[in-house]
Amino acid sequence: MKKIINIFCNDNDKSLKAFIKIKEILTKKDFIISEKFNKDAVLNICIGGDGSFIRGVHGTNFTKIPFVGVNTGTLGFYQEISFENIEKFINDYIEENYTMEKIRLLECEMQTNDMNLSKKCLNEFVIRSNSSEIIHLDIFIDDNHLETFAGDGIIISTPSGSTAYNMSAGGSIMYPTVRGFQLTAVAPIFSKVYRSLSNSIIIPNTSSLKIIPLEKSYKKIAFTADGIDHKYENISYFKFKKAYKKIYKLVFNKDWYWINMKDKFL
Ligand code: NAP
């Protein structure tokens, strides 16, 4: 029986060229290409930049079918395959010359006046002010009160998202397989009035992080998951912990993470 491969592609010219090339080679090799998510597929290929990879992962509702990224974007930190290496990638895939990396996700449970909600992310969640005013948050780790934060907001990042917004806010880089997640403040106020840690904190996967907006901040909060804004009214708390689900990514060069780091950031 022919195997199905899902291809998700953004609409820039280079991505469309990559799509045509990949489709042509895979069809000759007897695969069926699906441009929509097909749950019986053996692989998801995301063509574009990191945004395309993130949208691919969300669009499949964090499927277990492995992902691989073909980079035609501006940065492409998730995207290992270059346009020039498409043929080699397909041969390596068919010959199973790859390893499978588990990417740990984060989950956030939220309680509003009348609802209990849950969201997952690949990169990060952000709680921030929806205006130019600061927000005030009580922060607990495993029900231990750590600090009362005042400032622009906080980022709760996965290891694989640590090179994104987290890094811009001064957070640490975490290798994707490290078992933990990171809390990084965005412009925290440190004064005689307000006191919170300016360093980011790496929290083990066995712990949870609870954030309670103080009453005066209830209506000032914006919540984002992987760059997607969600609007909720009157959130009484957020609870972050490792998600039960993981996604899987094919890795063709075992040194790729460090090569990518040097190539994309230095
Ligand atoms: P975007 O605003 O178009 O792009 C944000 C930039 O972050 C792009 O250059 C993107 O790479 C890069 N990026 C995304 N995930 C990454 C990762 N894991 N490691 C390194 N770089 C990464 O939005 P988008 O492409 O949809 O991505 C959403 C992400 O943007 C959010 O999850 C958040 O991390 C990030 N963001 C960053 C800042 C900041 O650094 N100040 C502010 C807001 C949001 P490509 O060019 O390949 O797409």
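Remember, predicted model here, so these are calculated numbers, not experimental data.

Asker: It is not clear to me how the pattern of salt bridges should be interpreted in this structure. Could you clarify?
Answerer: Note that side chains of opposite charge can pair when their charged atoms are close. Across all of its chains, the model carries ten salt bridges by this definition. Across the salt bridge formed by K2 and D30, the nearest N and O atoms sit 3.8 Å from each other. Note that K2 is positioned in the segment before strand 1 (4-9) and D30 in the loop between helix 1 (13-28) and strand 2 (32-34), a separation of 28 residues in sequence. The class of K2 is partly exposed, set by a relative accessible area of 47%. Residue classification places D30 among the partly exposed residues on the basis of a relative accessible area of 45%. The shortest N-O distance in the salt bridge between D255 and K254 comes to 3.3 Å. The partly exposed category is assigned to D255, whose relative accessible area is 36%.

Asker: What should I look at first to understand the packing of aromatic side chains in this one?
Answerer: Two descriptors summarise a pair of aromatic rings, namely the distance from one centre to the other and the angle between the planes of the rings. Across all of its chains, the model carries 16 aromatic pairs by this definition. Relative to Y98, the ring of Y93 has its centre 5.8 Å away and its plane inclined at 15 degrees; by these criteria the two rings are stacked. The class of Y93 is buried, set by a relative accessible area of 11%. In this structure Y98 comes out as partly exposed when scored by relative accessible area, which is 26%. Both rings, one in F223 and one in F238, keep their centres 5.4 Å apart while their planes meet at 25 degrees; by these two values the pair is stacked. On the criterion of sequence distance, the pair formed by F223 in strand 14 (residues 221-225) and F238 in strand 16 (residues 237-251) is long-range, its members being 15 residues apart. The cationic tip of K21 hangs over the ring face of F83; the distance from NZ or CZ to the ring centre is 4.8 Å. The ring of F190 carries the charged tip of R195 above its face, separated from the ring centre by 4.5 Å.

Asker: Honestly, helix 5 (residues 256-265) in this entry has me stumped. Any pointers?
Answerer: Each turn of an α-helix holds 3.6 residues, which means side chains three or four residues apart point in the same direction. Within the span of helix 5, buried status applies to W256, Y257, N260 and M261. Buried residues along helix 5 cover an arc of 135 degrees about the axis, so they all sit on one side. Exposed side of helix 5, more than 90 degrees from the buried face: W258, K262 and D263 are the residues found there. Buried residues in helix 5 make contact with strand 16.

Asker: Just checking my understanding: could you explain the site of the ligand for this structure?
Answerer: The environment of the ligand is formed by 19 residues, the closest being T74, G76, E124, T163 and S168. One of the backbone N or O atoms of G76 is found 2.6 Å from an oxygen atom in the ligand. The fraction of the free accessible surface of the ligand (820 Å²) that becomes covered by protein chains is 66%. Elements supplying a minimum of two residues to the shell around the ligand: helix 2 (50-59) and helix 4 (165-168). No other element matches helix 2, which puts three residues into the shell around the ligand. Tallied by class, the residues present in the shell around the ligand amount to seven nonpolar, nine polar and three charged.

Asker: Hey, could you run me through the state of the cysteines in this one?
Answerer: Put plainly, a disulfide is one covalent bond tying together the sulfur atoms of two cysteines. Inspection of the entire model under this criterion finds zero disulfides. Take C9: it sits in no disulfide, and the sulfur closest to it among the cysteines is that of C46, at 10.0 Å. Classification of C9 as partly exposed rests on a relative accessible area of 33%.

Asker: In this structure, what is going on with the environment of N12? I would like to understand it.
Answerer: Within the element layout of this structure, N12 appears in the loop between strand 1 and helix 1. It is 8.8 Å that separates the C-alpha atoms of N12 and G73, two residues lying 61 residues apart in sequence. A polar side-chain atom of N12 sits 3.0 Å from the main-chain amide nitrogen of K14. Among the polar contacts made by the side chain of N12, one reaches the main-chain amide nitrogen of S15 at a distance of 2.8 Å.

Asker: What is the right way to read the side chain of T224 from this model?
Answerer: On the secondary structure map, T224 appears in strand 14. A polar atom in the side chain of T224 sits 3.0 Å from the side chain of D229. Setting aside residues no more than four positions away along its own chain, T224 makes contact with E124, F125, V126, R128 and D229.

Asker: Just to check I follow, could you spell out the nonpolar core for this structure?
Answerer: Across soluble globular proteins, nonpolar side chains show a tendency to be buried alongside one another. If you look at the biggest cluster of nonpolar residues, it comprises 28 residues, and the most contacted ones within it are I127, L209, F238 and F240. Here this core takes four residues from strand 9 (residues 135-141), the largest share from any one element. Apart from residues lying up to four places away in sequence, I127 is in contact with I135, L137, D152, G153, I154, I211, I221, A222, F223, F238 and F240. I45, I47, I81 and F83 belong to the second-largest nonpolar core, a separate cluster that totals 22 residues.

Conventions we followed
- Residues numbered from 1 in each chain as written.
- Predicted model: local features only at pLDDT ≥ 70, side-chain atom pairs only at ≥ 80, totals over all residues.
- Heavy atoms only, no water.
- Salt bridge = Lys/Arg side-chain N within 4 Å of Asp/Glu carboxyl O.
- Helix = DSSP H or I, 4+ residues; strand = E, 2+ residues; numbered from the N terminus.
- Buried < 20%, exposed > 50% of the residue type's maximum accessible area, 1.4 Å probe, protein only.
- Phe/Tyr/Trp six-rings, centres within 6.5 Å; stacked < 30°, edge-to-face > 60°.
- Lys NZ or Arg CZ within 6 Å of the ring centre and 35° of its normal.
- Arc of directions from axis to C-beta.
- Contact = heavy atoms within 4.5 Å.
- Near = heavy atom within 4 Å.
- Polar contact = N/O pair within 3.5 Å; in protein donor to acceptor, adjacent residues only side chain to side chain.
- Areas by Shrake-Rupley, 256 points an atom, 1.4 Å probe, with all protein chains shown as cover.
- Nonpolar A, V, L, I, M, F, W, Y, C, P; charged D, E, K, R; others polar.
- Disulfide = S-S within 2.5 Å.
- Core = buried A, V, L, I, M, F, W, Y, C linked by side-chain atoms within 4.5 Å.

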